[in-house]
Amino acid sequence: MSHLSRRDFVVSAGLATALGLNSRLVISPAFAQKTPDPPKGFVTYQVGSAKVTALYDGIWEKAHDPAFIANASVDDVKAAMVKAGLPADFVSIPFTVVVVEIGGKTILCDSGTGGQVQPTAGKMMTNMKAAGIDASKIDTILISHFHPDHIFGLMEKETNKPVFPNAEIIVPDVEYKFWADSAVIDRLPEARKGLARRIQAVFPTWKNIRQVEGEPEVAPGIRYVMAPGHTPGHRAFHLSSGSKQLMISNDTAYVPALVVANPGWHGAYDQDASTAEVSRRKLLDRVITDKIMICGYHFPFPGAGTIANDGSGYALTLMKS
Ligand SMILES: [Zn+2]
């Protein structure tokens, strides 16, 4: 809270007093999480013979910003949050990482925030341990895209040391080439330059990264699915076991209260919003047609459910945990 002046604090404390709160409670207002953590930080479910474990990493309670959705107002966003049964005063962006155990392999799908994105996130490793999953035994890590909340869990905070040195890290080739290009730094908005610099300093030095092209099978029963737009190389992961399937959608429909209900809304985090919309509609239509489950990295925990058509948009029904 270094940007808060003493005067701001006094105002906050004064407001707290007016509300009958102890003023000591507002010393770090931005760090005070309003959403309770789930009672249990992991939830397991079966998809055919695959055991899927959803690991709660935390939540970002994002302040409203008129630039967040290009073609919707803050009031529209607030109304959409309320319609989804969520608080109106911020945008709930939880982080949930999925582990799939199938065919004797343990596969981590993205890597969490590593406690380096928001002060209210970074609980994945604790919840992984609680779920009985040994981080050192993870065989494969599938990466959907290179945004910080998906890859910072691969690197130690200050040193960039690999957190999973024994795992093979599989990444989309398009994504790798985009971020690893030294010329990209000049083209990126200011807020993304540091991310590109960190990627360029770290990933080329690691020997356990494998770039894959297209939509190959990258683990037993798991295939990459091209879903560009959010970033140039963004991928979903499709898990199939026996007659059951799960679409691990990652950030194709990141905050479902907003862009599942309103697939035409263009979010600021979608690098190419029109392409992201095409990918989103295609993926959601596929999940409906094939009658399969879907989970999402930023869906409300435990983040898995089903999709149906709903007027001009879609509706997500979450699995009960
Ligand atoms: Zn994300």
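What you are looking at is a predicted structure, and each value in this text was computed from that prediction instead of being measured.

1. A few points about the sheet that holds strand β4 (residues 105-109)
Right, on to step 1. One open sheet holds the 7 strands; their spatial order is β1-β2-β3-β4-β5-β6-β7, and the pairing between them is mixed. Bordering the open sheet on either side are β1 (42-47) and β7 (209-212), each of which pairs with just one other strand. Ignoring strand direction, the axes of neighbouring strands in this sheet form an average angle of 25°.
Right, on to step 2. Judged from the 3 bridges that link them, strand β5 (residues 140-142) and strand β6 (residues 168-172) form a sheet pairing that is parallel. Considered in β6, the bridge of L142 is made with I170.

2. Quick look at the packing of aromatic side chains
Right, on to step 1. Considering all chains together, one arrives at 9 aromatic pairs under this definition.
Right, on to step 2. Three or more aromatic residues link up through ring pairs in this structure, and these residues are F146, Y176, F203 and W206.
Right, on to step 3. The residue whose ring lies beneath K40 is F42, and the NZ or CZ to ring-centre distance is 4.7 Å.
Right, on to step 4. Its end group placed over the ring of F152, R198 keeps NZ or CZ at 4.3 Å from the ring centre.

3. Topic: the nonpolar core
Right, on to step 1. Ranked by size, the top nonpolar core spans 37 residues in total, and within it L108, I141, F146, I151, L154 and F203 carry the most contacts.
Right, on to step 2. Every element with two or more residues in this core is listed here: β3 (91-102), α3 (124-130), β6, α5 (173-180), α6 (184-187) and α7 (190-202).
Right, on to step 3. Broken down by element, this core gets its largest block of residues, 4 residues, from α7.
Right, on to step 4. What I141 contacts, discounting residues up to four positions off in sequence, is L108, D110, L154, F164, A167, E168, I169 and I170.
Right, on to step 5. M81, V255, V287 and I294 belong to the second largest nonpolar core, which has 27 residues in total.

The rules behind each value
- Residues numbered from 1 in each chain as written.
- Predicted model: local features only at pLDDT ≥ 70, side-chain atom pairs only at ≥ 80, totals over all residues.
- Heavy atoms only, no water.
- Pairing = 2+ DSSP bridges.
- Helix = DSSP H or I, 4+ residues; strand = E, 2+ residues; numbered from the N terminus.
- Axes fitted to C-alpha atoms, helices over the stretch in contact; angles between N-to-C directions.
- Phe/Tyr/Trp six-rings, centres within 6.5 Å; stacked < 30°, edge-to-face > 60°.
- Lys NZ or Arg CZ within 6 Å of the ring centre and 35° of its normal.
- Core = buried A, V, L, I, M, F, W, Y, C linked by side-chain atoms within 4.5 Å.
- Buried < 20%, exposed > 50% of the residue type's maximum accessible area, 1.4 Å probe, protein only.
- Contact = heavy atoms within 4.5 Å.

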